[in-house]
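# Summary of structural features
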Amino acid sequence: MTDDGSRSYPADRCPLCFGDNQCAIAAPSGAQSIAECETCWCKRIDIPKELLATLPAEARGRACICLGCCKAAMDQPAEGVTKTVDPGGRKAMQLEANGQTVLVSHTGAQILSWQTDSGNVLWTASSPEHIDGKPVRGGVPVVFPWFGDHKIDPSKPAHGFARSIEWQCSVRNASSATFSCVDTPATRKMWDYRFRAELTVTLGDTLQITMRVTNEDERDFTFEQALHTYFAAGDIHKASVHGLENVRFIEHAREPEGEWDTSMPIRFRAETDRVFQQAPDVMSLQATTLSRTVTLNTNNSRSTIVWNPWPNKTARLSQMQADDWQQFVCIETANVGENQVTLMPGASHEMTLTLTATTP
Ligand code: TA6
């Protein structure tokens, strides 16, 4: 205690339990803080926001929160959010609200399913692999910091590394969970920048996914990103994508449809792998044979990719069975190519996708 009786916060004690602070750095501003702590062994530990909020103002930035208090905060139950495992036994979080359930794996912060009263709105390949360090083919893989093959070094993982690394669940609120990851020596070997990425998943009447990237380096960096969403389509021959009429695109399919009327909604008659630029904020998928319409409302996404591999490419893809191509379509919320994002040190960028599934 100090002379005036107020509490003192010695740097070598946790300001919450006053135990030995084998720890994490308390953020002066109360914002989420990731930093290399110089005085102890903690490295880059995420501090749950709800824990920082409990810090006395005079303690902020002056003493480390100990690991025990961090872990205790992480284990606090959050309404509608429960710790579980995915079908492969990997760490996962389950969100529940309005009779809907979302499962999110810590590997890649990958949303694996979104169960609604009309079934799973998302699609998973018939031979899925839930393996540490690998994305499942389905749900919503997170593409970062590049899209597709690496432009210079094809030995680097396609679609970047974010979907293959472990993300931490750093904040949980009612039916909402935020996953975060930061650079590591392994990521810096592939992309030599310090960054922080956060994915916030919120389940209510809609499924909202917000991807936030922060430049924690001393240099500008440029990245591509995508929420590579696999939607259940029922019969792809009877499905259509609306909202991209007359939008400029590049076709990457090896065996694409010939001429098609670009002023009409997209129908599927061949391998389709189209990158639309200056995409609108609202699109929809009509999955006729499922009697379901899925509306995509996006914010800060200027690219949309529409992809179906058709049979020949399906045969070259992992986790797929021969007929899988008939049941899904990817509509990907992205910023790629000419719409890649450049951030100055300390700056952040936020892209949001809000999905609404309706049945007639
Ligand atoms: O987003 C479309 C695409 O780039 C396709 O060309 C196809 O490669 C797809 O992504 C799947 O990529 P993945 O690495 O998940 O097999």
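Let me sum up the structure you'll find in this document. (Residues numbered from 1 in each chain as written. Predicted model: local features only at pLDDT ≥ 70, side-chain atom pairs only at ≥ 80, totals over all residues. Heavy atoms only, no water.)

### Points about the site of the ligand
Just so we agree on the cut-off: When at least one non-hydrogen atom of a residue lies within 4 Å of a molecule or strand, that residue is treated as near it. Identification of polar contacts relies on pairs of N or O atoms within 3.5 Å, with a donor-acceptor requirement for protein atoms, meaning one able to donate a hydrogen and the other able to accept it, and with residues adjacent in sequence counted only if both atoms are side-chain atoms. Note that accessible areas follow from Shrake-Rupley with a 1.4 Å probe, and for residues the cover is restricted to the protein chains shown. Residues are sorted three ways: Asp, Glu, Lys and Arg are charged, Ala, Val, Leu, Ile, Met, Phe, Trp, Tyr, Cys and Pro are nonpolar, and all the rest, Gly among them, are polar.
Near the ligand the following residues occur: R137, F147, H159, R163, H228, D273, I305, W307, K313 and E332. The separation between an oxygen atom of the ligand and a polar side-chain atom of H159 is 3.0 Å. Within the side chain of E332, a nitrogen or oxygen atom sits 2.8 Å from an oxygen atom of the ligand. Contact with the protein chains covers 82% of the free accessible surface of the ligand, which is 390 Å². Of the residues assigned to the shell around the ligand, the class counts are 3 nonpolar, 2 polar and 5 charged.

### Observations concerning the pairing of strand β5 (residues 100-105)
Both faces of the sheet carry side chains from a regular strand, because those side chains alternate between them. As a reminder of what qualifies: Burial classes follow relative accessibility: with a 1.4 Å probe on protein chains only, a residue under 20% of its type's maximum area counts as buried, one over 50% as exposed, and anything between as partly exposed. In DSSP terms, a helix is any run of H or I states spanning at least four residues, a strand is any run of E spanning at least two, and both are numbered starting from the N terminus. We treat two strands as partners when DSSP finds at least two bridges between them.
Within β5, 5 of the 6 residues are buried, which leaves the element mostly enclosed by the surrounding structure. Taken together, the 6 bridges between strand β4 (residues 91-97) and β5 define a ladder with antiparallel strand orientation. Within β5, the position partnered with A92 by the bridge is S105. Once β4 ends, the chain turns through 2 residues before running back antiparallel as β5, passing N98 with a positive phi of about 50°. By the bridge criterion, 5 bridges tie β5 to strand β6 (residues 110-116) in an arrangement that is antiparallel. Across the sheet, the residue bridging to T101 is Q115, located in β6. Here β5 folds back onto β6, and the loop between the two strands holds 4 residues, one of which, G108, carries a positive phi near 75°.

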